[in-house]
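Here's the letter readout for the chains.
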Amino acid sequence: SGSRLTPRFFLFLSLNAAGIALYNTALVLCPRFITGAECALVLLGETVLGPVWVFFAFGDAPDPFTVYGGALLLLTLLVHEVAGMRA
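Note on numbering: residues in each chain are counted from 1, in written sequence order. Reporting of local features is limited, given that this is a predicted model, to residues whose pLDDT is at least 70; pairs of side-chain atoms are given and counted only at 80 or more, and all residues count toward the totals for whole chains, interfaces and linings. Hydrogens and water molecules were not included; the side-chain quantities draw on all heavy atoms of the structure.

## Looking at helix α4 (residues 64-86)
With 23 residues, α4 should reach 33 Å at 1.5 Å per residue; the first-to-last C-alpha distance of 33 Å fits that figure. In what follows, residue pairs with any heavy atoms lying within 4.5 Å of each other are defined as contacts. Under the scheme used here, helices are H or I runs from DSSP no shorter than 4 residues and strands are E runs no shorter than 2 residues, and both carry numbers assigned from the N terminus. Elements in contact with the buried residues of α4: α2 (36-43) and α3 (45-58). Distance and chemistry together define a polar contact, namely a pair of N or O atoms within 3.5 Å, with one atom able to donate a hydrogen and the other to accept it when in protein, and with adjacent residues in sequence counting only for side-chain atoms on both sides. Capping of α4 at its N-terminal end is provided by D63; its side-chain oxygen lies 3.1 Å from the backbone amide nitrogen of F65. Here the expected span of a helix is defined as 1.5 Å times the quantity of residues minus one.

The following block contains the structure:
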């Protein structure tokens, strides 16, 4: 069996490192600009994107209910932000 340290591995490693850095930066800066509840909703994006990263890395398709739940969360965030802009 060949080495698993392929260029694709390093691409995903780099994307993961960048994602973690952005996530932690957002975690620190987010509460300065929005309410705690809004910050918590935005940080749920990690939960939504987790199955997407697994799909891209390993080809393991998420269950349809996982996709529906993620879409519901993103729709909730969108409606919340649109309602906030109108207020």
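## Quick word on a nonpolar patch on the surface
Only residues whose relative accessible area exceeds 30% and that form no salt bridge are eligible for patches; like-charged ones are grouped when within 9 Å, while nonpolar side chains (Val, Leu, Ile, Met, Phe, Trp, Tyr) are grouped when within 5 Å. Accessible surface area values rest on a Shrake-Rupley calculation with a 1.4 Å probe, where residue burial reflects the displayed protein chains alone. Here a salt bridge means any side-chain nitrogen of Lys or Arg lying within 4 Å of a carboxyl oxygen belonging to Asp or Glu. A cluster of nonpolar residues, L11, L15, L49, V52, W53, F55 and F56, forms a patch on the protein surface that exposes about 650 Å² of accessible area. Looking at the nonpolar patch, the elements that each hand over two or more residues are α1 (7-33) and α3. Within the secondary structure, F56 sits in helix α3. Between buried and exposed lies partly exposed: a residue is buried under 20% and exposed over 50% of the maximum accessible area for its type, with that area taken using a 1.4 Å probe on protein chains only. By relative accessible area, which is 44% here, F56 ends up partly exposed.

## A word on the environment of L11
Within the secondary structure layout, L11 lies in helix α1. Judged by relative accessible area, which is 48%, L11 ranks as partly exposed. Linking L11 and M85, residues 74 residues apart in sequence, is a C-alpha distance of 38 Å.

## Some points on the packing of α1 against α3
Only the contacting stretch of a helix is used when fitting its axis, a line to C-alpha atoms as for every element, and angles between N-to-C directions run 0 to 180 degrees. As a packed pair, α1 and α3 sit with axes 12 Å apart at the nearest point and diverge in direction by 175°. With respect to α3, the element α1 is oriented roughly antiparallel. Together, R8, F12 and Y23 of α1 and E46, F56 and A57 of α3 make up the contact between the two elements. For the contact of α1 with α3, a count of residues per class yields four nonpolar, no polar and two charged. We call two directions roughly parallel when the angle between them is under 35 degrees, roughly antiparallel when it is over 145, roughly perpendicular when it lies between 65 and 115, and oblique otherwise. By the convention adopted, Pro, Cys, Tyr, Trp, Phe, Met, Ile, Leu, Val and Ala count as nonpolar, Lys, Arg, Asp and Glu as charged, and the other residues, Gly among them, as polar.

## As for the confidence of the model for the chain
A residue's pLDDT is the confidence the predictor assigns to it, expressed on a 0 to 100 scale. For the chain, mean pLDDT is 84; residues scoring 70 or higher make up 97% of the total. Across the chain, the secondary-structure element scoring lowest on mean pLDDT is α2, at 76, and the one scoring highest is α1, at 87.

## Remarks on the packing of aromatic side chains
Ring geometry is summarised as follows: Phe, Tyr and Trp rings, the Trp one being its six-membered ring, pair when their centres sit within 6.5 Å, and such pairs are stacked at plane angles under 30 degrees, edge-to-face over 60 and tilted between the two. By the definition in use, this model includes four aromatic pairs. Geometrically, the ring pair formed by F65 and Y68 is edge-to-face, given 6.0 Å between the ring centres and 85° between the ring planes. Of this pair, F65 and Y68 both sit in helix α4, separated by three residues, roughly a single helical turn. Taking relative accessible area as the criterion, F65 reaches 67% and is therefore assigned exposed. Through a chain of ring-to-ring contacts, three or more aromatic side chains come together here, namely W53, F55 and F56.

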